[in-house]
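Inside the fold
The lines below spell out each chain.
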Amino acid sequence: AQSVTQPDARVTVSEGASLQLRCKYSYSATPYLFWYVQYPRQGLQLLLKYYSGDPVVQGVNSFEAEFSKSNSSFHLQKASVHWSDSAVYFCALSMNSNNRIFFGDGTQLVVKP
Amino acid sequence: EAAVTQSPRNKVAVTGGKVTLSCNQTNNHNNMYWYRQDTGHGLRLIHYSYGAGSTEKGDIPDGYKASRPSQENFSLILELATPSQTSVYFCASGEQGASAETLYFGSGTRLTVL
């Protein structure tokens, strides 16, 4: 069965620091992978997605993620965070382009001024 | 810009009452989804639809019905609401294609069942 694990429920970083949010997946083949962000009192918005090719994927607002088949991971990174990046980040997986998406439990990011 | 609109934004219901949550999308997407979001559980899929007239059960369908009368509208129905259904509900639309489907979410409905 497929699953997505985000091991960190909450991450706190200082403004200007670098960031990594971890995501591990379980699936026998190469999945489609996503990161979504949820700002307070809003729905989720797509940050980036991976489905083939270059394992480093660029997304909106200078976020990027790296797919690792050997580690079954899809970690989200940003070189320098801003206070406005405070939100909940969800990693998600789909088994193919026509299949529904499974979400992790989310990581709440708090950026301290 | 993709647009998914949910109504109502907030709802208070009594145990045993009927609740209907509505969702409208102007994206002309075939697929629509209902999720609920609870602390510690992330998003869990309740029902989804591949087009008008179709509904499919997700991971937690018990106690919920869904209706897709048109391409644009997808409703979630709680015939007999219970306090355990207190949650935030999100509707999303998406379109199948060659690449991975992107979901477009509404702003959510906060449901409280007393």
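Below you will find a few notes about this structure. Keep in mind that what you see is a predicted model, and the values were worked out from it rather than measured. (Residues numbered from 1 in each chain as written. Chains lettered and ligands numbered in written order. Predicted model: local features only at pLDDT ≥ 70, side-chain atom pairs only at ≥ 80, totals over all residues. Heavy atoms only, no water.)

1. Quick notes on the state of the cysteines
Here a disulfide denotes a covalent bond joining the sulfur atom of one cysteine to the sulfur atom of another. Tallying each qualifying case throughout the model produces 2 disulfides over all chains. The disulfide partner of A:Cys23 is A:Cys91, and the S-S distance across this bridge is 2.0 Å. The chirality of the disulfide connecting A:Cys23 with A:Cys91 is left-handed, given an S-S dihedral of about -65°. A residue pair is termed long-range when its members are at least 10 positions apart, and A:Cys23 in the loop between strand E3 (19–21) and strand E4 (24–26) and A:Cys91 in strand E10 (residues 87–94) qualify at 68 residues. The burial state of A:Cys23 is the same as that of A:Cys91; both residues are buried. Across the disulfide from B:Cys23 sits B:Cys91; the S-S distance is 1.9 Å. What sets the handedness of the B:Cys23 and B:Cys91 disulfide is the S-S torsion sign, and at about -80° it is left-handed. Here B:Cys91 lies in strand E9 (residues 87–94) and B:Cys23 lies in strand E3 (residues 19–25), a separation of 68 residues in the sequence. Residue B:Cys23 is classed as buried on the basis of its relative accessible area, which comes to 2%. (Disulfide = S-S within 2.5 Å. Helix = DSSP H or I, 4+ residues; strand = E, 2+ residues; numbered from the N terminus. Buried < 20%, exposed > 50% of the residue type's maximum accessible area, 1.4 Å probe, protein only.)

2. Focus on the environment of B:Lys18
Residue and element names in this part refer to chain B. Inspection of the secondary structure assignment puts lysine 18 in the loop between strand E2 (10–13) and E3. When the C-alpha atoms of lysine 18 and aspartate 59 are compared, they prove to be 22 Å apart, with 41 residues separating the residues in sequence. The contacts of lysine 18, once residues within four sequence positions are left out, are Ile77, Leu78 and Glu79. (Contact = heavy atoms within 4.5 Å.)

3. Brief notes about the pairing of strand E5 (residues 32–38) of chain A
Residue and element names in this part refer to chain A. Of all 7 residues that make up E5, 7 are buried, and the element is covered over most of its length. Of the two faces of E5, the one holding Tyr32, Phe34, Tyr36 and Gln38 and the one holding Leu33, Trp35 and Val37 are both buried throughout. With 6 bridges connecting them, E5 and strand E6 (residues 44–50) associate as antiparallel partners. Note on E6: the bridge partner recorded for leucine 33 is tyrosine 50. The hairpin turn running from E5 into E6, its antiparallel successor, is 5 residues long, and arginine 41 in that turn takes a positive phi close to 60°. (Pairing = 2+ DSSP bridges.)

4. Some remarks on the environment of A:Ala9
Residues and elements named next belong to chain A. Tracing the sequence through the fold places alanine 9 in the loop between strand E1 (3–5) and strand E2 (10–14). Given a relative accessible area of 60%, alanine 9 falls into the exposed group. Along the backbone, alanine 9 and valine 88 are 79 residues apart, and their C-alpha atoms lie at a distance of 9.3 Å. If we ignore the near neighbours within four places in the chain, the residues touching alanine 9 are Gly106, Thr107 and Gln108.

5. Things to note about the interface of chain B and chain A
Taken together, the contact between chain B and chain A spans 24 residues of the former and 21 residues of the latter. Surface buried jointly by chain B and chain A totals about 1,800 Å² across both partners, of which 51% is contributed by carbon and sulfur atoms. Remark: the boundary between chain B and chain A carries 0 salt bridges. Inspection of the region where chain B meets chain A yields 4 residue pairs in polar contact (both at pLDDT 80 or more). (Buried area = accessible area lost by both parts, 1.4 Å probe. Salt bridge = Lys/Arg side-chain N within 4 Å of Asp/Glu carboxyl O. Polar contact = N/O pair within 3.5 Å; in protein donor to acceptor, adjacent residues only side chain to side chain.)

6. Quick look at the sheet that holds E3(B)
All names here are of chain B. Sheet architecture is open: 4 strands sit in the order E1-E3-E8-E7, paired in antiparallel fashion. Lying at the two open borders of the sheet, with one neighbouring strand each, are strand E1 (4–7) and strand E7 (65–67). Across the sheet, the mean angle from the axis of one strand to that of its neighbour is 20°, orientation sign disregarded. With 3 bridges connecting them, E7 and strand E8 (residues 75–78) associate as antiparallel partners. (Axes fitted to C-alpha atoms, helices over the stretch in contact; angles between N-to-C directions.)

7. Some points on the packing of aromatic side chains
Inspection of every chain in the model, using the stated rule, returns 18 aromatic pairs over all chains. Arranged with centres 6.1 Å apart and planes meeting at 75°, the rings of A:Phe103 and B:Phe105 form a pair that is edge-to-face. Of this pair, A:Phe103 sits in strand E11 (residues 101–103) while B:Phe105 is found in strand E10 (residues 103–105), placing the two residues in two different chains. Ring centres 6.1 Å apart and planes at 20° place the aromatic pair B:Tyr33 and B:Tyr48 in the stacked group. Here B:Tyr33, found in strand E4 (residues 31–38), pairs with B:Tyr48, found in strand E5 (residues 42–49); they are 15 residues apart in sequence, far enough to count as distant. For the pair shown, B:Tyr33 and B:Tyr48 are each scored as buried. Chaining the aromatic ring pairs together yields one cluster made of A:Phe34, A:Tyr36, A:Phe90, A:Phe103, B:Tyr33, B:Tyr35, B:Tyr48, B:Tyr50, B:Phe90 and B:Phe105. (Phe/Tyr/Trp six-rings, centres within 6.5 Å; stacked < 30°, edge-to-face > 60°.)

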